[in-house]
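What the coordinates show
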Amino acid sequence: MKQRIAACFAALIALTSGVGGAAGQAMAQQQRSAGIEISSAWIQAPPQGAPVASGYMRIVNRGASGDRLLAISSPRAGRVEMHEMSMDGAVMRMRPLLYGVPVPANGAFEFSPSGAHVMFNNMDGAYGVGQTIPLRLTFQRAGVVDILVPVQAMGGGMHH
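In short, a report on the structure.

The rules we used
Residues numbered from 1 in each chain as written. Predicted model: local features only at pLDDT ≥ 70, side-chain atom pairs only at ≥ 80, totals over all residues. Heavy atoms only, no water. Phe/Tyr/Trp six-rings, centres within 6.5 Å; stacked < 30°, edge-to-face > 60°. Helix = DSSP H or I, 4+ residues; strand = E, 2+ residues; numbered from the N terminus. Buried < 20%, exposed > 50% of the residue type's maximum accessible area, 1.4 Å probe, protein only. Contact = heavy atoms within 4.5 Å. Polar contact = N/O pair within 3.5 Å; in protein donor to acceptor, adjacent residues only side chain to side chain.

Attention shifts here to the packing of aromatic side chains. Taken as a whole, this structure holds two aromatic pairs when the rule is applied. With centroids separated by 4.7 Å and ring planes inclined at 45°, the aromatic side chains of Trp42 and Tyr56 adopt a geometry described as tilted. Residue Trp42 is located in strand β2 (residues 36-44), and its partner Tyr56 is located in strand β3 (residues 53-61); the two are separated by 14 residues in the primary sequence. Since its relative accessible area comes to 3%, Tyr56 is described here as buried. Both rings, one in Phe109 and one in Phe111, keep their centres 5.0 Å apart while their planes meet at 75°; by these two values the pair is edge-to-face. You can call Phe111 buried: its relative accessible area is 1%.

The following block contains the structure:
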């Protein structure tokens, strides 16, 4: 258990340092469904042997009614969770967003390296830069949105 927690925090520390670059922009994908747009989605390649990875994306709701992202799943991960990260002094705190995230009408929600993120646990083997990981996003109103998300190198993801 301690090793898993250490690997998770090591991955998060690596993920939050030095993100940016044009490599991910060429692979950026945009998907739309029922007024919901998913763009700038990417997964940070995990450190060697780490069973966890983090992912990021921007969700825009062009509809007149608010929506809520209820769940994210992937056949490549044993469990996918939405987390919120914050600093309490010098201590990084992470907590699951158990009830999903709201996406306001004519608004947006962003999973980013410095805040809320998607945590992939128990990945099903090695995967590398340039591969894509299928994700299924389930929204309260818009329903299911399936996307393919590119894997980016450490420090090579997209930044907003």
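Let us now look at the environment of Glu81. Structurally, the position occupied by Glu81 is in strand β5 (residues 77-88). Along the sequence, Glu81 and Leu98 sit 17 residues apart, while their C-alpha atoms lie 8.2 Å from each other. Contacts of Glu81, omitting those with residues within four sequence positions, involve His117, Val118, Met119 and Asn121. Polar side-chain contacts of Glu81 include one of 2.6 Å to the side chain of His83.

Before going further, it helps to spend a moment on the environment of Asp67. You can see Asp67 is positioned in strand β4 (residues 67-73). Distance in space between the C-alpha atoms of Asp67 and Pro104 is 6.3 Å, their sequence separation being 37 residues. Ignoring any residue separated from it by four or fewer positions in sequence, one finds Asp67 in contact with Ile36, Asn61, Val101, Pro102, Val103, Phe139, Gln140, Arg141 and Ala142.

Any functional reading would require information beyond the geometric quantities listed.
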